[in-house]
Amino acid sequence: MSQLVISHEHPDWFKPLFAELEKRAIAYQTVNPTQHQFAVEASKPDFDIFFNRMSPSGYLRDGIQGTFYTLNYLKYLENKGVRVLNGYQAFTYETSKALQLLLLEELGIKYPKSRVVNHVSQVLAATEGLRFPIVIKANIGGSGAGIEKFDSLEQVQEAVANNQVDFGIDHTALVQEFIPARGGYITRVETLGGKYLYGIRVYTNGESFNLCPADICQTTTGQELVRNACALDAPKNGLRVEAFTPSDEIIANIEAIVQASKIDVGGIEYIIDDRDGEVLYYDINALSNFVADAINVIGFNPHEKLVDFIEQEITAVNAKEETYSI
């Protein structure tokens, strides 16, 4: 088996990564985390680096079994000494919006006012003290799934009465203030190896919650983008994007988040509350889909940087093995 194994279930998102690996003649193999097995008593697998690309939105593609299984497998691999990129701790945060908020609270980084609930009977009480509009978010979402906006308490009451509130696959949800975006945009910052890589502003009408950067259609100047990371027939979502470099303070906050969560490759999203100008961080992503047509948006190919990082990890593992063999 190859020294590098990449675990993923999406048919299109990682084609640019594979292309860059093949361009450099770096051998790799892929596995599907939704159709997998391992023996608990088995010794260390015959690969040294495992890149976890399981998406929490896999349940939308008949891959619900991959989410919780992956947590178990990542722990097994780490216990056996495999270098896991976006490992157990990172994926734990990826699969819980509640844990993401607890991390932000621990770090003293601001986030939208939120409540965590596990039963529909608690939703109305959870709205107390929140400003409307609000959103109810499934704790495990992905690609904007499991998020619904409510403009009034009456709308929430109607949804609860009609059993129309979706708590998602772990039966846990956030009841959270909806933040009106100053300037009509959110900012997503991509990180690599615990450090800032690039930032983009994504302009949205506030009604769509699928802000997948690989599926953005055009720049703010109207230039059509080649969405080479998503399926060719993926619906165009009307989002617009532009490169943006945040302040040093925001970059420091974001680096603190990814380092504390042990995210090797990830994206953090924040928004400026139009009501008071507060910068609020609201999404921690261990599965990072780089922006479509990146060279035209940010001026470089982030997959080249990612493969540079993978090569460094391979070199580090080889050096460690050589040390042990002496």
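Everything that follows concerns the structure shown earlier in this document.
For the structure given in this document, a descriptive report is provided here. (Residues numbered from 1 in each chain as written. Predicted model: local features only at pLDDT ≥ 70, side-chain atom pairs only at ≥ 80, totals over all residues. Heavy atoms only, no water.)

1. Considering the overall build of the protein chain
Piece 1. Along the backbone of the protein chain there are nine helices and 14 strands.
Piece 2. A separation of at least 24 residues holds for 69% of the contacts in the protein chain among residues at least 6 apart in sequence.
Piece 3. As displayed, the protein chain has an accessible area near 14,600 Å², and 49% of this comes from carbon and sulfur atoms. (Helix = DSSP H or I, 4+ residues; strand = E, 2+ residues; numbered from the N terminus. Contact = heavy atoms within 4.5 Å. Areas by Shrake-Rupley, 256 points an atom, 1.4 Å probe, with all protein chains shown as cover.)

2. Here's the deal with the sheet that holds strand β4 (residues 83–85)
Piece 1. An order of β2-β1-β3-β4 is seen for the four strands of this open sheet, with the pairing classed as parallel. Pairing within the sheet leaves two strands with one partner each, and these edge strands are β2 (29–31) and β4. The mean angle between the axes of side-by-side strands here comes to 25°, regardless of whether they run parallel or antiparallel.
Piece 2. Taken together, the four bridges between strand β1 (residues 4–7) and strand β3 (residues 49–52) define a ladder with parallel strand orientation. Within β3, the position partnered with Ile-6 by the bridge is Phe-51.
Piece 3. Here helix α1 (residues 15–23) sits on the sheet and contacts β1, β2 and β3; the angle it forms with β1, its principal contact strand, is near 170°.
Piece 4. Lying on the sheet, helix α2 (residues 64–79) is in contact with β3 and β4; it crosses β3 at an angle near 160°. (Pairing = 2+ DSSP bridges. Axes fitted to C-alpha atoms, helices over the stretch in contact; angles between N-to-C directions.)

3. A closer look at the pattern of salt bridges
Piece 1. Scanning the model with the defined rule gives 18 salt bridges in all.
Piece 2. Here Lys-15 and Asp-12 are joined by a salt bridge, their closest N and O atoms 2.9 Å apart.
Piece 3. Residue class for Lys-15 comes out partly exposed when judged on its relative accessible area of 45%.
Piece 4. You can call Asp-12 buried: its relative accessible area is 12%.
Piece 5. Between Glu-242 and Arg-201 there is a salt bridge, and its shortest N-O distance comes to 3.8 Å. (Salt bridge = Lys/Arg side-chain N within 4 Å of Asp/Glu carboxyl O. Buried < 20%, exposed > 50% of the residue type's maximum accessible area, 1.4 Å probe, protein only.)

4. Thoughts on the packing of aromatic side chains
The geometry of an aromatic ring pair comes down to the distance between the two centres and the angle between the two planes.
Piece 1. Across all of its chains, the model carries 13 aromatic pairs by this definition.
Piece 2. Taking the centre distance of 5.5 Å and the plane angle of 80° together, the rings of Phe-50 and Tyr-73 count as edge-to-face. Placement of the pair is Phe-50 in strand β3 and Tyr-73 in helix α2, with a sequence separation of 23 residues.
Piece 3. In this structure Phe-50 comes out as buried when scored by relative accessible area, which is 2%.
Piece 4. For Tyr-73, a relative accessible area of 8% gives the class buried.
Piece 5. Through a chain of ring-to-ring contacts, the aromatic side chains of Phe-38, Phe-47, Phe-50, Tyr-69, Tyr-73 and Tyr-76 assemble into a single cluster. (Phe/Tyr/Trp six-rings, centres within 6.5 Å; stacked < 30°, edge-to-face > 60°.)

5. Digging into the packing of helix α4 (residues 97–107) against helix α7 (residues 248–261)
Piece 1. It is the contact of α4 with α7, at a shortest axis distance of 11 Å, that shows an interaxial angle of 120°. By the angle between their directions, the pair α4 and α7 is classed as oblique. Both α4 and α7 take part in a crossing whose hand is right-handed. Mapping the contact onto sequence places Leu-103, Leu-104 and Leu-107 in α4 and Ala-256, Ile-257, Ala-260 and Ser-261 in α7.
Piece 2. A breakdown of the residues in the contact of α4 with α7 according to their chemical character gives six nonpolar, one polar and no charged. (Parallel < 35°, antiparallel > 145°, perpendicular 65-115°, else oblique. Left-handed = near helix turned anticlockwise from the far one by under 90°. Nonpolar A, V, L, I, M, F, W, Y, C, P; charged D, E, K, R; others polar.)

6. Considering α7
Piece 1. With 14 residues, α7 extends 20 Å between its outermost C-alpha atoms, agreeing within 8% with the 20 Å of an ideal straight helix rising 1.5 Å per residue.
Piece 2. Regarding α7, the residues found buried are Ile-250, Ile-251, Ile-254, Glu-255, Ile-257, Val-258 and Ser-261. Taken down its axis, α7 places every buried residue within 155° of arc, on the same side. Residues of α7 that are exposed and angled more than 90 degrees away from the buried face: Asp-248 and Glu-249.
Piece 3. Of the surrounding elements, those touching the buried residues of α7 are α3 (88–94), α4, β9 (185–192), β10 (195–203), β13 (265–272) and β14 (279–285).
Piece 4. Looking one or two residues past α7, Lys-262 carries a phi angle of roughly 60°, positive in sign. (Expected span 1.5 Å × (residues − 1). Arc of directions from axis to C-beta.)

7. Quick notes on the sheet that holds strand β5 (residues 114–117)
Piece 1. Spatially, four strands are ordered β5-β8-β6-β7 in an open sheet, and the strand pairing comes out antiparallel. The sheet terminates laterally at β5 and β7 (147–150), the two strands that pair on one side only. In this sheet, adjacent strand axes meet at a mean angle of 20° when their direction is disregarded.
Piece 2. Seen against the sheet, α4 touches β5, β6 (134–138) and β8 (173–177) and runs at an angle of roughly 55° to β8.

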